[in-house]
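Analysis of the macromolecular model
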Amino acid sequence: MEDSKFNMSTEYESILQSYAPLIVEHLPVGVALFDARNLRMVATNRRYPALLNVQWQQGRAVGHHLTEVLPASVPAEEASALVEIFRRAAETGESYHYEEYAFSSIGRGMTYWDWKLDPIYENGQVSYLLLSATDVTPQVEARLRVEQDHATLAQAHSAVEMEKQRIKYCEIILSHLRNMSEPKELASAVLTAIDSCFSPSLQALYVVQPGQDSLSLLASRIHDDVVQDEASIFAPFISPKDGFFPDQMMCQRDPVIRRKYQAGKEKKEGGAKDALLALPALEQVVYFPLWKEQQCEGILVVAFAGEDKVNDLLMKTLSTCAPRLAEALIYARLHTAVADEKQRLYAILDQLPEGILLVEARTSKVTYANPAAAHLLGVALPQFLGVPLNQSALMSPHGLSKQNQKLAFRWNFALIHALWGRTITNQELLILRPDGSEIIVLSSVAPIRMPGGMISGAVIVFQDISLLKQLEQQKDEFFAVANHELRTPLTIIMGFAELLHLRAGDSTDAMYQYATTSIMQECEHLLRLIHDLLDVSHLEHGGLKMKKSYQDLLAPLRQTVDKYAHTTETHTLRFILEDIEPADLLMGQFDIPRIEQALTNLITNAIKYSPVGSEVEVGARPYLKAGNVIREVLIWVKDQGNGIASSDLPRIFERFYRADDTSRSAGGFGIGLYLTKELIQNHDGRIWVKSTRGKGSTFFVVLPLQEAIMERAGD
Ligand code: ADP
């Protein structure tokens with residue numbers, strides 16, 4: 001057995017010996033043999049030059065020194081290091097192993113090699129050095145790729161972590177911007193939030209003064225590691241001398257980082273100091289300009305004692321928050337301006353004699369009441385404020401007034417109406433005070449709307465008109481007495497004048513006739529005036545009472561004209577009908593005496609305001625409505641007087657309005673046209689005037705008819 005084993009190994013050895021050169025040639029390893037004495041190449045296998053990609057063909061390198069057969073890409077320094085390794089191996093006889101030796105070979109780029117240098121002994125001496133090199137490029141590349149992937153993953157992971165942290169910090173800081181309405185309050189809340197995230201040694205928030213290019217400090221926070229003297233601390237940030245702050249900083253769009261020591265230089269080396277950071281403790285300062293669109297609103301300053309605190313997380317977090325902080329500063333400034341304005345307005349309203357109350361729609365609470373309101377409503381001022389409208393019942397009792405026998409109104413109801421969107425102007429309200437006394441006020445309520453139209457509150461304004469009402473009552477009483485006191489003697493005078501006139505009969509005494517007629521006419525004029533004044537008084541107290549019935553208008557119209565045609569000696573009166581037959585009926589709902597009163601006013605004015613001897617024309621014609629349906633009649637009274645100035649025209653229907661001096665000489669109270677308009681409007685009619693200076697005036701009246709114009713039955 002042993003023999004056969006021995007024989008077999010001998011057999012193998014001999015095979016190996018005879019095939020050794022062939023085996024070496026086919027090894028995937030590059031092999032080269034160097035003479036240990038002179039480091040010249042003695043032999044290589046075919047693989048060696050192929051793997052190293054040297055220009056040497058097999059065999060041609062033989063005899064050349066190591067330095068000559070090295071690839072050209074190996075730099076000189078490295079080449080001599082390699083020679084040194086070879087020398088040492090030759091001297092010491094120790095093997096040398098180099099793993100993943102990298103060099104860039106022509107046409108292949110970077111390649112990696114594991115190579116080994118083994119000494120070969122002859123007679124106890126190192127005579128050769130055997131270099132075997134294995135190409136490990138694919139393995140190294142695969143490993144590098146894995147490492148690269150790991151690094152990318154780690155990078156992505158840390159980016160995600162940072163992003164998460166950034167979002168968290170942004171949330172913390174931005175949450176402090178909400179519900180902050182006052183700039184200083186806002187600033188200190190933001191600095192507290194930044195402190196909780198990054199703990200800067202020093203922070204300051206400056207705001208740009210609107211209209212001025214200067215900054216003012218809103219809030220600051222300083223940690224113990226910094227000098228506590230604020231004045232000296234902030235000097236470096238705002239010194240106008242350095243020319244950097246504030247002017248240049250307010251023009252910066254991006255954050256600016258300033259370091260005390262130049263980057264990369266050790267403190268100890270005494271890197272160039274930034275003069276701006278004169279404070280010993282601070283080493284890094286970041287200025288964040290706070291921009292909103294085209295306007296820099298302020299500057300946020302964060303400073304650190306340490307060198308490495310200004311990192312990506314800080315920069316990204318505060319850069320994200322900066323525009324929002326700018327917006328919040330604008331909002332806070334506006335809010336303060338509005339609050340100041342409100343204070344000023346309230347200071348003015350406090351002085352007004354009219355009572356004013358404001359309520360807020362959201363809570364329906366009284367948000368403002370001026371002293372006049374408190375005084376007029378008989379409630380102490382503090383009792384109003386903050387009280388919801390539905391709880392203010394005690395302040396405005398409901399019930400029947402003892403003095404006026406009227407139902408009292410609650411002012412809080414008026415405000416509730418306004419909160420529903422109703423506007424009520426000049427409403428007279430009787431209000432009972434908590435102490436039982438009462439007051440009449442003229443009040444107006446209106447909703448207060450936001451720009452979008454939503455109701456945000458309501459306002460009530462009221463003034464005490466109790467005295468005025470008292471005076472009005474006295475005036476009414478006076479009218480009632482005057483009516484009686486004047487009418488009675490006038491009626492008696494008129495009665496006797498008529499008697500005397502009749503007694504005169506066919507007396508030829510012209511003077512006597514003229515006197516009695518004049519007395520009668522003037523009495524009639526006076527009686528009419530008294531009637532008109534009474535009517536005006538009635539109008540102001542609930543209107544005139546009409547007694548309308550289905551009647552013809554044409555006959556009374558003709559009678560009125562006829563009456564004046566006969567009695568007026570100064571003018572000629574003409575009655576004309578257009579498209580109406582004298583026998584026609586103009587049927588409608590009329591209070592005939594009132595219509596006569598209106599026409600009389602127009603006719604007497606035409607006579608009064610036109611020259612003696614001129615003509616007054618009264619006419620009527622159908623008034624065509626849309627669709628040619630005649631349901632209205634147009635009546636006109638035309639004179640040849642001086643006319644009415646265009647500046648007076650819009651006002652002549654107003655109560656007590658009289659035009660110019662000419663009319664004043666004509667006498668009158670200025671109530672005739674006012675009453676006429678009211679009477680016509682009470683019949684659903686319309687009245688207007690056309691007048692030209694020097695050419696006369698025409699008054700037009702349109703009255704509705706119930707039927708089309710009819711022929712009188714039996715005619
Ligand atoms: P009064 O005639 O008593 O002054 P009215 O109310 O009847 O009051 O008229 C108001 C004013 O209108 C008059 O004062 C006058 O100036 C003007 N006026 C009315 N009718 C005429 C008219 N026909 N021609 C010119 N002015 C007129």
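Residues numbered from 1 in each chain as written. Predicted model: local features only at pLDDT ≥ 70, side-chain atom pairs only at ≥ 80, totals over all residues. Heavy atoms only, no water.

**Notes on the side chain of Asn45**
Where we set the bar: Numbering goes from the N terminus for both helices and strands, where a helix is a DSSP run of H or I of at least four residues and a strand is a run of E of at least two. To sort residues, take the accessible area from a 1.4 Å probe on protein chains only and compare it with the maximum for the residue type: under 20% means buried, over 50% means exposed, and anything in between is partly exposed. Here a polar contact is recorded for every N or O atom pair within 3.5 Å, except that within protein the pair must consist of a potential hydrogen donor and a potential acceptor, and residues adjacent in sequence are included only if both atoms are side-chain atoms.
Examined against the element boundaries, Asn45 turns out to sit in the loop between β2 (41–44) and α2 (47–52). On the accessibility criterion, Asn45 (2% relative accessible area) is buried. A polar side-chain atom of Asn45 sits 2.9 Å from the main-chain carbonyl oxygen of Val29. Engagement of the side chain of Asn45 in a polar contact is seen with the backbone nitrogen of Val31, the distance being 2.9 Å.

**Observations concerning the environment of Pro371**
What counts here: In this analysis, two residues are considered to be in contact whenever any of their non-hydrogen atoms come within 4.5 Å of each other.
On the secondary structure map, Pro371 appears in helix α9 (residues 371–377). Given a relative accessible area of 37%, Pro371 falls into the partly exposed group. Sequence separation of Pro371 and Gln351 is 20 residues, and the distance between their C-alpha atoms is 7.9 Å. Excluding residues within four positions of it along the chain, Pro371 makes contact with Asp350 and Leu381.

**A look at the nonpolar core**
Formally: Joining through side-chain atoms within 4.5 Å is the link that ties buried Ala, Val, Leu, Ile, Met, Phe, Trp, Tyr and Cys residues into a set, and such a set is a nonpolar core.
Counting residues in each nonpolar core, the largest one holds 46 residues, and the members touching the most others are Leu553, Leu557, Ile603, Val633, Ile652, Phe699 and Leu703. Ranked by residue count, the leading element in this core is helix α15 (residues 592–608), at 8 residues. If near-sequence neighbours (up to four positions away) are discounted, Ile603 is found in contact with Thr560, Val561, Tyr564, Leu573, Val618 and Val637. Membership of the second largest hydrophobic core comes to 36 residues, among which are Leu177, Ala187, Leu191 and Leu205.

**A look at the confidence of the model for the protein**
Where we set the bar: Per-residue confidence from the predictor is given as pLDDT, running between 0 and 100.
With 85% of its residues at a pLDDT of 70 or more, the protein shows a mean pLDDT of 84. Every residue in residues 238–244 scores below 50 in pLDDT, and together they form 12 contacts with partners more than four places removed in sequence or on other chains. pLDDT under 50 marks residues 268–276. Its contacts with residues more than four places away, or in other chains, come to 16 contacts.

**Things to note about the site of the ligand**
For the record, the criterion: Near residues are defined by distance, with any heavy atom within 4 Å of the molecule or strand qualifying the residue. Each accessible area is a Shrake-Rupley result for a 1.4 Å probe, and residues are judged covered by the shown protein chains and nothing else. Think of it as three bins: nonpolar holds Ala, Val, Leu, Ile, Met, Phe, Trp, Tyr, Cys and Pro, charged holds Asp, Glu, Lys and Arg, and polar takes everything else, Gly as well.
The full set close to the ligand counts 20 residues, and Asn605, Tyr609, Asp639, Arg658 and Leu673 are the nearest of them. Within the side chain of Arg658, an N or O atom sits 2.5 Å from an oxygen atom of the ligand. At a separation of 3.1 Å, an oxygen atom of the ligand approaches a polar backbone atom of Ala659. Relative to its unbound accessible surface of 530 Å², the ligand loses 96% to contact with the protein. Among the secondary structure elements, those contributing two or more residues to the shell around the ligand are α15, α17 (672–682) and β23 (696–704). Its residues assigned to classes, the shell around the ligand comprises 10 nonpolar, 7 polar and 3 charged.

**A word on the packing of helix α13 (residues 510–540) against α17**
Counted only if it meets this: Fitted lines through C-alpha atoms serve as axes, helices being fitted only where they are in contact, and the angles separating the N-to-C directions of these axes extend from 0 to 180 degrees. The labels follow the angle: roughly parallel below 35 degrees, roughly antiparallel above 145, roughly perpendicular from 65 to 115, and oblique for the rest. By definition, any crossing whose near helix is turned counterclockwise from its far helix by less than a right angle is left-handed, and any crossing with a clockwise turn is right-handed.
Put simply, α13 and α17 touch, their axes get as near as 10 Å, and they point 55° apart. The pairing of α13 with α17 is recorded here as oblique in orientation. The two elements α13 and α17 meet at a crossing, and its hand is left-handed. In this structure, α13 contributes Asp532, Asp535, Val536 and Leu539 to the contact, and α17 contributes Tyr674, Leu675 and Glu678. The residue inventory of the contact of α13 with α17, partitioned by class, reads 4 nonpolar, no polar and 3 charged.

**So, the sheet that holds strand β10 (residues 295–304)**
Condition: By the convention used here, strands pair only if DSSP detects at least 2 bridges between them.
One open sheet holds the 5 strands; their spatial order is β7-β6-β10-β9-β8, and the pairing between them is antiparallel. Every other strand in the sheet has two partners, leaving β7 (215–222) and β8 (256–259) as the edge strands with one partner each. The average undirected angle you get between the axes of adjacent strands in this sheet is 15°. Two strands pair when backbone bridges link them, and β8 and strand β9 (residues 284–292) are joined in this way by 4 bridges, in the antiparallel orientation. Counterpart to Arg259 in the pairing with β9 is Gln284. Those strands touched by helix α6 (residues 183–198) are β6 (202–208), β7 and β10, and its axis lies near 40° from that of β7. Against the sheet, helix α8 (residues 312–351) contacts β6, β7, β8, β9 and β10, and its axis sits at roughly 45° relative to β9.

**A look at the pattern of salt bridges**
Basically, it comes down to this: Put simply, a salt bridge is a Lys or Arg side-chain nitrogen that is within 4 Å of an Asp or Glu carboxyl oxygen.
Scanning the entire structure with this criterion turns up 21 salt bridges. Residue Glu100 is joined to Arg143 by a salt bridge in which the shortest nitrogen-to-oxygen separation is 2.4 Å. Of this pair, Glu100 sits in strand β3 (residues 96–105) while Arg143 sits in helix α5 (residues 137–175), and the two are 43 residues apart along the sequence. According to the relative accessible area criterion, Glu100 is partly exposed, its value standing at 33%. Overlapping salt bridges, with partners in common, bring together Glu100, Arg143 and Glu147 in one network.

**Considering α6**
Given 3.6 residues to a turn, an α-helix orients residues that are three or four positions apart in the same direction. Put simply, the test is: By this rule the span expected of a helix is its residue count minus one, scaled by 1.5 Å.
For α6, spanning 16 residues, the distance from its first C-alpha to its last is 22 Å, which sits close to the expected 22 Å at 1.5 Å a residue. The set of residues buried in α6 consists of Pro183, Leu186, Ala187, Ala189, Val190, Leu191, Ala193, Ile194, Asp195, Cys197 and Phe198. Each element contacted by the buried residues of α6 is listed here: α5, β6, β7, β10 and α8. Looking one or two residues past α6, Ser199 carries a phi angle of roughly 40°, positive in sign.

**A few points about the environment of Leu430**
Within the secondary structure layout, Leu430 lies in strand β13 (residues 424–432). You can call Leu430 buried: its relative accessible area is 7%. When the C-alpha positions of Leu430 and Trp411 are compared, they lie 9.3 Å apart, and in sequence the two are 19 residues distant.

**A few points about the environment of Arg693**
As for its position among the elements, Arg693 is in the loop between β22 (686–692) and β23. For the pair Arg693 and Gly643, spaced 50 residues apart in the sequence, the C-alpha separation amounts to 4.5 Å. There is a polar contact of 2.9 Å between the side chain of Arg693 and the backbone oxygen of Gly643.

**Re the pairing of strand β15 (residues 455–464)**
The sheet contact formed by strand β11 (residues 355–360) and β15 spans 6 bridges and is antiparallel. Bridge pairing in β15 places Val359 opposite Ala458. Of the pairings in the sheet, the one linking strand β14 (residues 438–449) to β15 comprises 9 bridges and is antiparallel in character. The partner of Pro447 across the bridge, within β15, is Ala458.

**Remarks on the packing of helix α12 (residues 466–504) against α13**
Close contact between α12 and α13 brings their axes to 9 Å; oriented N to C, the two are set at 160°. The angle between the axes of α12 and α13 places the two elements in the roughly antiparallel class. In terms of crossing hand, the pair formed by α12 and α13 is left-handed. Residues of the contact of α12 with α13, tallied by class, amount to 17 nonpolar, 7 polar and 6 charged.

**Side note on the packing of aromatic side chains**
Stated precisely, the cut-off is as follows: Pairing of aromatic rings covers Phe, Tyr and Trp, the last counted by its six-membered ring, and requires centre-to-centre distances within 6.5 Å; plane angles under 30 degrees mean stacked, over 60 mean edge-to-face, and any other angle means tilted.
In the structure shown here, the tally under the stated rule is 11 aromatic pairs. Here Tyr98 and Tyr101 contribute two aromatic rings whose centre-to-centre distance is 5.0 Å and whose plane-to-plane angle is 90°, an arrangement assigned as edge-to-face. Consider the rings of Trp688 and Phe700, whose centres lie 5.4 Å apart with planes at 20°: the pair is stacked. Of this pair, Trp688 sits in strand β22 while Phe700 sits in strand β23, placing them 12 residues apart in sequence. The structure contains a cluster of three or more aromatic residues connected by ring pairs, namely Phe34, Phe86, Tyr96, Tyr98, Tyr101 and Trp115.

**A closer look at the state of the cysteines**
Basically, it comes down to this: For this text, the term disulfide refers to a pair of cysteine sulfurs within 2.5 Å.
Enumeration according to the criterion identifies 0 disulfides in this entry. Take Cys197: it sits in no disulfide, and the sulfur closest to it among the cysteines is that of Cys321, at 8.2 Å.

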